[in-house]
Amino acid sequence: MPNPNQPALSELYSAYAAGVLAPAFALMVETQGMLRPDVRRAVAISESLAGTMLEAETGTSLRPGAVDRALAAIDRLDAPDGHGQAAAMAAGEGVNELLALPEPLRTRAIEAAGRSGWKMLGPGIRRLALDTGGDLETELYRISPGAMVPRHTHAGSEYTLVVSGGFTDETGSFGPGDLVVNGPDDTHRPVGDEGEPCFALTVRDGGLRFTGMMGVIQRMLGA
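Please read these numbers as outputs of a predicted model, since none were measured by experiment.

1. Digging into the overall build of the protein
Okay, step 1: A count of helices and strands for the protein gives eight helices and 11 strands.
Okay, step 2: Taking all 223 residues of the protein together, the buried fraction comes to 39%.
Okay, step 3: Long-range contacts, defined here as pairs at least 24 residues apart, represent 63% of the contacts in the protein between residues at least 6 apart.
Okay, step 4: Accessible area of the protein: about 12,500 Å², with a carbon and sulfur share of 56%.

2. Focus: the environment of Met120
Okay, step 1: By the element assignment, Met120 lies in strand S1 (residues 119–122).
Okay, step 2: Measuring from C-alpha to C-alpha, the distance between Met120 and Tyr141 comes to 9.9 Å, with 21 residues separating the pair along the chain.
Okay, step 3: Not counting chain neighbours up to four residues away, the residues in contact with Met120 comprise Ile125 and Arg126.

3. With respect to the packing of aromatic side chains
Okay, step 1: What the rule picks out here adds up to three aromatic pairs.
Okay, step 2: Arranged with centres 4.9 Å apart and planes meeting at 80°, the rings of Phe25 and Tyr159 form a pair that is edge-to-face. On the criterion of sequence distance, the pair formed by Phe25 in helix H2 (residues 23–35) and Tyr159 in strand S5 (residues 158–164) is long-range, its members being 134 residues apart.
Okay, step 3: For Phe25, a relative accessible area of 13% gives the class buried.

4. Overview of the side chain of Thr138
Okay, step 1: Structurally, Thr138 is set in strand S3 (residues 137–143).
Okay, step 2: Its relative accessible area of 4% is what places Thr138 among the buried residues.
Okay, step 3: At 3.2 Å, the side chain of Thr138 forms a polar contact with the side chain of Thr132.
Okay, step 4: Setting aside its immediate chain neighbours within four residues, Thr138 contacts Ala24, Leu128, Ala129, Leu130, Thr132, Leu201, Thr202 and Val203.

5. Some points on unusual backbone geometry
Okay, step 1: Of the consecutive residues Glu103 and Pro104, the connecting peptide bond is found in the cis state with omega at 5°.
Okay, step 2: Inspection of the secondary structure assignment puts Pro104 in the loop between helix H6 (95–99) and helix H7 (105–115).

6. So, empty space enclosed by the protein
Okay, step 1: Overall, the coordinates contain one cavity of 30 Å³ or more when judged by the stated rule.
Okay, step 2: Here the largest cavity defines a volume of roughly 160 Å³.
Okay, step 3: In terms of lining residues, the largest cavity is bounded by 15 residues, among which Glu158, Thr160, His188, Pro190 and Thr202 are the most central.
Okay, step 4: Looking at the lining of the largest cavity, the elements with two or more residues in it are S3, S5, strand S8 (179–182) and strand S10 (198–204).

7. Brief notes about the nonpolar core
Okay, step 1: In this structure, Leu98, Leu101, Leu105, Leu128, Leu130, Leu140 and Leu201 are the most contacted members of the largest nonpolar core, which totals 30 residues.
Okay, step 2: At the level of elements, helix H1 (9–18), H2, helix H3 (37–55), H7, S5, S8 and S10 are the ones that each hand at least two residues to this core.
Okay, step 3: Beyond its immediate sequence surroundings of up to four residues, Leu128 is in contact with Ala109, Ala112, Ala113, Gly117, Trp118, Thr138, Glu139 and Leu140.
Okay, step 4: In terms of nonpolar packing, the next biggest core, distinct from the first, is built from 12 residues, Val162, Phe167, Phe174 and Val180 among them.

Criteria and thresholds
- Residues numbered from 1 in each chain as written.
- Predicted model: local features only at pLDDT ≥ 70, side-chain atom pairs only at ≥ 80, totals over all residues.
- Heavy atoms only, no water.
- Helix = DSSP H or I, 4+ residues; strand = E, 2+ residues; numbered from the N terminus.
- Buried < 20%, exposed > 50% of the residue type's maximum accessible area, 1.4 Å probe, protein only.
- Contact = heavy atoms within 4.5 Å.
- Areas by Shrake-Rupley, 256 points an atom, 1.4 Å probe, with all protein chains shown as cover.
- Phe/Tyr/Trp six-rings, centres within 6.5 Å; stacked < 30°, edge-to-face > 60°.
- Polar contact = N/O pair within 3.5 Å; in protein donor to acceptor, adjacent residues only side chain to side chain.
- 1 Å grid on protein atoms, 1.4 Å probe; cavity = no way out; pocket = protein on both sides within 12 Å on 5 of 7 lines; lining within 4 Å.
- Points joined across faces, edges and corners; volume = space filled by probe spheres on them.
- Core = buried A, V, L, I, M, F, W, Y, C linked by side-chain atoms within 4.5 Å.

See the structure below:
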């Protein structure tokens, strides 16, 4: 959960309900809502409050044909175009694990796997860059049981949502639906828990800063 220097989760849900949350965080809130009933309730309450406030606002006239254009846009989004199937085929090995992820993360992950593929971070650690738009760095991690993410700190704030499996670091153990927040003053080394692989969705506004030998290599490469 957030430390005192991070926005409260209720503010995150309120921003989502108001439609002003960055797409990367919106993806995280929607995914967490699929995993935790209490989050779904929190979002529903925020949406209800936002709806009440919206009803109190002074109305404005729409341009002619605005409703028809909006409905047509929704129809285009719902129309099957084979893109999802093609992305799944391009994702190749490991697609069954991605298919087990909750929506809307599943679709984003399959598209990313077909587009750019997984990148190795270390033994048993893979990460997949997700395209959510905006400046926030959004990645899906796959951590094999017992695998260790290299010890690191952060250039900014990092939000990590455990989607399946679990990991343990210096602050505790985290499982599906848990949201962990770290900042520049936090250094940790997540380790995949025993059992199934851990899938974790991460959103950050600054890159990772590795320590030890990985940090030396990172500085040499200018990363």
